[in-house]
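Residue-level structural notes
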Amino acid sequence: PLFEAPGCSRGSVGHPELCSRPCLYFAMGSCEKGESCEYCHMAHSKRPVHLDKRHREMLRSMPALEWAALVLPILQRKVEAVDDSLVTRAMLGGISAQRGIPIGS
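Bear in mind that the values here come from a model prediction, so they are computed numbers and not experimental data.

To continue, consider the side chain of T88. Note that T88 resides in helix α4 (residues 86-99). The class for T88 is buried, based on a relative accessible area of 6%. Setting aside residues up to four positions removed in sequence, T88 forms contacts with V79 and D83.

Turning our attention to the environment of L72. Its location among the elements puts L72 in helix α3 (residues 64-82). For L72, a relative accessible area of 6% translates into the label buried. Residues L72 and S96, spaced 24 residues apart in sequence, show a C-alpha to C-alpha distance of 7.4 Å.

Bringing the pattern of salt bridges into the picture now. Under the counting rule described, the total for this entry stands at two salt bridges. Note that R60 and E57 form a salt bridge whose closest N and O atoms lie 2.7 Å from each other. Within this pair, R60 and its partner E57 are both found in helix α2 (residues 53-61), separated by three residues, close to a single helical turn. A relative accessible area of 58% means that R60 is categorised as exposed. Relative accessible area serves as the criterion here: at 42%, E57 is assigned to the partly exposed category.

About the thresholds
In every chain, residue numbers begin from 1 and rise along the written sequence. Reporting of local features is limited, given that this is a predicted model, to residues whose pLDDT is at least 70; pairs of side-chain atoms are given and counted only at 80 or more, and all residues count toward the totals for whole chains, interfaces and linings. Heavy atoms from the whole structure form the basis of all side-chain values; hydrogens and water molecules are not counted. Strands here are runs of E lasting at least two residues and helices are runs of H or I lasting at least four, both read from the DSSP assignment and numbered beginning at the N terminus. Burial classes: relative accessible area under 20% of the type maximum marks a residue as buried, over 50% as exposed, and values in between as partly exposed (1.4 Å probe, protein chains only). Residue contacts are counted whenever heavy atoms from the two residues lie within 4.5 Å of one another. Within this document, salt bridges are pairs made up of a side-chain nitrogen of Lys or Arg and a carboxyl oxygen of Asp or Glu, the two lying within 4 Å of each other.

This is the structure:
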């Protein structure tokens, strides 16, 4: 996976796992912001899945510990796909231990 490539926009950092959504203007060949654009200027294989209103409300109403138990394993997989260093593993492990939530290695 790419963390940062020369000539890409700021929004492309972490492509494809952690980048922001694709820039619609770049796809049409007319992004005026260039490298300072906050959206990804790299090709995406499919449109990312987004939660609908009902699911967003469900997440907002969840207790913090339950929400963290749901999100931390997903976050771990995405971060490690980009940066599998010992520092990153230690940071994720610290968050997990602080919240008492086991996450995979």
